[in-house]
Number of protein chains: 2
Amino acid sequence: MISSAILDQRMEHFRARCAELGLAYTHQRMIIYRALASSDSHPTPEGIFEQVRREIPSISLGTVYKNIHTFTEAGLLREVNLLHDSLRLDANLGNHHHFVCVRCKAVTDIPEKDVAPLRLKHPLPDGFVLHRAAAELLGVCASCAASEPDLQTGSS
Amino acid sequence: MISSAILDQRMEHFRARCAELGLAYTHQRMIIYRALASSDSHPTPEGIFEQVRREIPSISLGTVYKNIHTFTEAGLLREVNLLHDSLRLDANLGNHHHFVCVRCKAVTDIPEKDVAPLRLKHPLPDGFVLHRAAAELLGVCASCAASEPDLQTGSS
DNA sequence: TGACAAAGGAGAATGATTCTCCTGTAATAG
DNA sequence: CTATTACAGGAGAATCATTCTCCTTTGTCA
């Protein structure tokens, strides 16, 4: 759960961004976004649907999906797992990092040496056991960048 | 593509591990693993299927999936995207890292400050544009660890 | 008020993955 | 070398998440 101060701030940002983009501030959207914004457990669409259903029993799963996409495009939400659409395999069992192209979803290996060592400066929460760690670098790959005029360097 | 020295080494490891686990060293398995081991582009099961089909036209997609699982359990393969089964959302738009439990797939936020800054020591390949970077920490969460006798600390 | 566009609801369609069931074959002992 | 048995593979049905289609409702604005 999230503190109510942070929740309020997120809801305010949501409202402002909807106005900015001309998105109708509907009851469904507000409830869906609040369900997302008040959670720090990275829910699935199905999970959001179950939660929203308690307040709006007639809500449809399609509406939840549609709004998740709308919010993601609006920058109000991020996908934790950019590659969730299909399984990707890796036969390289050594340590290395991955660069994922946000446009074409291609994964490029980055040698371990090319990134400063990942080091925990504070211990993990109690009871957590770390197996391994790697950097996930997000951006645009060379071939997508070549075929696109607008390259953001960091913000979006 | 992968150098033939590395490919040979991977195939040898594959053969040894099959023997070790009592897995039948079938033609299909050999071709499937070779397709995986000779690629560094992180193929999908479908992609492997297409490639293997060229050598064994009668191969079934189910066989490819079954062996991918077998190989993964044997530690001969890794999933690039542990969370590929379903979309996960994040309304926390600030920088932070993720700890993913390999057992229950729960995602726990790790504050940005708790990990040494991610820094590229060598530039990305030509033309690549970085948007953002985060650490992906893999391991076992507290509740899974509590309900399990065998906790590996790093290798497996 | 009338009409258009955005949104929502319901359920069908799609695509990836898993499952079932039956046949074939690798491993192994004799 | 062959028989046995359990593991593997093939085919296609079933399942599950996600997307799409189509129609209705609602909000907005001339």
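Look a little higher up for the structure.
**Observations regarding the overall build of chain A**
Thinking step 1. Regarding its fold elements, chain A presents five helices and five strands.
Thinking step 2. Counting from the amino terminus, chain A carries its helices and strands in the arrangement α-α-α-α-β-β-β-β-β-α.
Thinking step 3. Taking 2.2 N^0.38 as the reference for a compact globule, 156 residues should give roughly 15 Å; the C-alpha atoms of chain A span a radius of gyration of 19 Å, well beyond that estimate.
Thinking step 4. Taken over the C-alpha atoms alone, chain A extends approximately 50 × 45 × 30 Å along its principal axes.
Thinking step 5. Looking at the 156 residues of chain A, the share that counts as buried comes to 40%.
Thinking step 6. Across chain A, the fraction of contacts at a sequence separation of at least 24, relative to all contacts at a separation of at least 6, is 47%.
Thinking step 7. Taken as a whole, chain A presents about 8,100 Å² of accessible surface, with 52% of it coming from carbon and sulfur.
Thinking step 8. Charge separation in chain A, taken as the distance between the mean sites of 16 positive and 18 negative side-chain charges, equals 3 Å.

**So, the relation of the copies chain B and chain A**
Thinking step 1. Overlaying chain B on chain A yields an RMSD of 0.1 Å, the required transformation being a rotation through 180 degrees with an accompanying axial translation of 0.0 Å. Both copies of the chain, as the preceding transformation shows, are related through a two-fold rotation axis. Ranked by how close their C-alpha atoms come to the rotation axis, the residues of chain B are headed by His84 of chain B, at 1.8 Å.
Thinking step 2. The overlap is high: 99% of the interface residues of chain B also sit at the interface in chain A, so the same surface is used on both sides.

**Brief notes about the protein's contact with DNA strand D**
Thinking step 1. Taken together, 17 residues lie near DNA strand D, and Tyr65 and His69 of chain A together with Thr26, Arg29 and Leu87 of chain B sit nearest.
Thinking step 2. Expressed as a percentage, the sugar and phosphate content of the atoms of DNA strand D within 4 Å of the protein is 80%.
Thinking step 3. With respect to DNA strand D, the side chain of Thr26 of chain B contributes an N or O atom lying 2.7 Å from a phosphate oxygen.
Thinking step 4. Interatomic distance of 3.3 Å between a backbone N/O atom of Ser60 of chain B and a phosphate oxygen of DNA strand D.
Thinking step 5. Among the secondary structure elements, those contributing two or more residues to the surface near DNA strand D are helix 4 (61-73) of chain A together with helix 2 (27-37) and helix 4 (61-73) of chain B.
Thinking step 6. Its residues assigned to classes, the surface near DNA strand D shows seven nonpolar, eight polar and two charged.

**Some points on the interface of chain B and chain A**
Thinking step 1. Taken together, the contact between chain B and chain A spans 72 residues of the former and 71 residues of the latter.
Thinking step 2. Here chain B and chain A share an interface that buries about 6,900 Å² over both sides, 60% of which is from carbon and sulfur atoms.
Thinking step 3. On the chain B side of the interface with chain A, the three residues burying the most area are Arg78, Leu89 and His131 of chain B, jointly 13% of the side's total.
Thinking step 4. At the junction of chain B with chain A, the criterion picks out zero salt bridges.
Thinking step 5. The interface formed by chain B and chain A holds 32 residue pairs in polar contact (both at pLDDT 80 or more) in total.

Rules and cut-offs
- Residues numbered from 1 in each chain as written.
- Chains lettered and ligands numbered in written order.
- Predicted model: local features only at pLDDT ≥ 70, side-chain atom pairs only at ≥ 80, totals over all residues.
- Heavy atoms only, no water.
- Helix = DSSP H or I, 4+ residues; strand = E, 2+ residues; numbered from the N terminus.
- Rg over C-alpha atoms; globule rule 2.2 N^0.38 Å.
- Buried < 20%, exposed > 50% of the residue type's maximum accessible area, 1.4 Å probe, protein only.
- Contact = heavy atoms within 4.5 Å.
- Areas by Shrake-Rupley, 256 points an atom, 1.4 Å probe, with all protein chains shown as cover.
- Lys, Arg positive; Asp, Glu negative; His and termini not counted.
- Charge placed at Lys NZ, Arg CZ, Asp CG, Glu CD.
- Least-squares fit on C-alpha atoms with pLDDT ≥ 70 in both.
- Near = heavy atom within 4 Å.
- Polar contact = N/O pair within 3.5 Å; in protein donor to acceptor, adjacent residues only side chain to side chain.
- Nonpolar A, V, L, I, M, F, W, Y, C, P; charged D, E, K, R; others polar.
- Buried area = accessible area lost by both parts, 1.4 Å probe.
- Salt bridge = Lys/Arg side-chain N within 4 Å of Asp/Glu carboxyl O.

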